[in-house]
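Tertiary structure, described
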Amino acid sequence: MKRRLVYITAVAAALALAATSVAAGRFENRKEHCVGVLCVGDNGGISPTKLPKHGAAPATARIIGDISTRDGSHPPALQQLEADIDRTIEVDAVGLPTCKQSQLEASSSATARKVCGDALIGSGSAEVEVAFPEQKPFRSTGPLLLFNAGVHGATTTVLLHAYVDVPAPTAVIVRAKVTRIHRGRYGLHLEAHIPKIAGGAGSATAFDLEIGRRYTYEGRKKSFLTASCPTGSWETKGNLLFSDQTRLVFTHVFSCTPEG
């Protein structure tokens, strides 16, 4: 069987946004969002789940999602995602090394780590289903790597990389932007556009991405992600656009435990 190592953000039901890990390793936050026959599931939380009521602490996010259809048909490909993330979660990449998209193009996962390892802020895996005409669909899994691409004003850019070897070896790169906003309870806006996989024949069906990086800059210890828990919950909302023009809207509330 041919193999494909694949992409995607999800930044997914919302790349950086909606799902993340529980310290005990159990994921009890799964929620499913459906429109027509298409369904997207997301799950997770922020680790640690106990967070300061005032101020913020270093945190790790783990985005876990799945895309399926109720009738078992090949799902359409995810093309675009937008999400607003709770203001209790913050991103800070100032002082982190950066990676350019040109450094990742035509690169395997091993090469991407070699040339941009200092800028790595997340890793995980994804599953893709490929359905070429007149062929039985097949699935395969492969690694995901997330790199810091720099900060410009209120916007932090990240690059999600995966290596695809069907039908020919190809690096798939998703550029996502996370921008600070002031929109009620939301403080970050995520936007990503996903390129075609295998000429449009490939669709992501599952992904698991852990995001987090601690580093030192100018003598100060810093964290790419920080979080607080003033109310006992945080929320994300957004929408996903698929290749058949289906648009799926989601909202997900996650729980946390305030401390202090």
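Fair warning: this is a prediction, and the values are worked out from it, not measured in the lab. (Residues numbered from 1 in each chain as written. Predicted model: local features only at pLDDT ≥ 70, side-chain atom pairs only at ≥ 80, totals over all residues. Heavy atoms only, no water.)

**A word on the environment of Ile173**
- Structurally, Ile173 is set in strand S12 (residues 170–183).
- When its relative accessible area of 12% is taken as the criterion, Ile173 is described as buried.
- A C-alpha to C-alpha distance of 4.7 Å links Ile173 and His161, two positions twelve residues apart in sequence.
- When sequence neighbours within four positions are dropped, the list of residues in contact with Ile173 reads Gln101, Leu104, Glu105, Leu159, Leu160, His161 and Pro195. (Helix = DSSP H or I, 4+ residues; strand = E, 2+ residues; numbered from the N terminus. Buried < 20%, exposed > 50% of the residue type's maximum accessible area, 1.4 Å probe, protein only. Contact = heavy atoms within 4.5 Å.)

**Section: the pattern of salt bridges**
- Applying the stated criterion across every chain yields a total of nine salt bridges.
- The partner of Asp66 in a salt bridge is Arg30, and the shortest N-O contact between them spans 3.0 Å. Taken together, the positions of Asp66 in strand S6 (residues 60–69) and Arg30 in the segment before strand S1 (31–35) put the pair 36 residues apart, joining distant regions of the chain.
- Taking the relative accessible area as the measure of exposure, Asp66 reaches 22% and is therefore partly exposed.
- Residue Lys222 is joined to Asp92 by a salt bridge in which the shortest nitrogen-to-oxygen separation is 3.1 Å. Highlighted residues: Lys222 in strand S16 (residues 220–223) and Asp92 in the loop between strand S8 (89–91) and helix H1 (101–104), separated in sequence by 130 residues. (Salt bridge = Lys/Arg side-chain N within 4 Å of Asp/Glu carboxyl O.)

**Some thoughts on the environment of Leu78**
- By secondary structure assignment, the location of Leu78 is in strand S7 (residues 78–86).
- The spatial distance from the C-alpha of Leu78 to the C-alpha of Leu240 is 7.1 Å, given a sequence separation of 162 residues.

**Some words on the state of the cysteines**
- If you walk through the whole model with that rule in mind, you get three disulfides.
- Covalent S-S linkage joins Cys34 and Cys39, the inter-sulfur distance amounting to 2.1 Å. Here Cys34 and Cys39 share a disulfide; its torsion about the S-S bond, 110°, makes the bridge right-handed.
- Look at Cys34 and you get partly exposed, because its relative accessible area is 33%.
- Relative accessible area serves as the criterion here: at 4%, Cys39 is assigned to the buried category. (Disulfide = S-S within 2.5 Å.)

**Examining the side chain of Glu235**
- Within the fold, Glu235 resides in strand S18 (residues 233–242).
- Engagement of the side chain of Glu235 in a polar contact is seen with the side chain of Tyr186, the distance being 2.2 Å. (Polar contact = N/O pair within 3.5 Å; in protein donor to acceptor, adjacent residues only side chain to side chain.)

**With respect to the sheet that holds strand S5 (residues 57–58)**
- Taken in spatial order, the three strands line up as S5-S17-S8 in an open sheet, and their pairing is antiparallel. The open sheet terminates on both sides in strands that have one partner only, identified here as S5 and S8.
- Pairing analysis gives three bridges linking S8 to strand S17 (residues 225–227), with the strands arranged antiparallel. Each bridged residue has a counterpart across the sheet, and for Glu90 the counterpart in S17 is Thr226. (Pairing = 2+ DSSP bridges.)

**Some details on the nonpolar core**
- Among the nonpolar cores identified, the biggest contains 46 residues, and Ile46, Ile211, Phe224 and Phe242 are the most heavily contacted of them.
- Residue contributions to this core peak at four residues, all from S7.
- Among residues more than four places away in sequence, those in contact with Phe224 are Glu90, Val91, Asp92, Ala93, Leu96, Ile121, Thr156, Val158, Ile211, Arg213 and Tyr215.
- Counting eleven residues, the second-largest nonpolar core is a separate cluster that includes Cys99, Ala112, Ala119 and Leu120. (Core = buried A, V, L, I, M, F, W, Y, C linked by side-chain atoms within 4.5 Å.)

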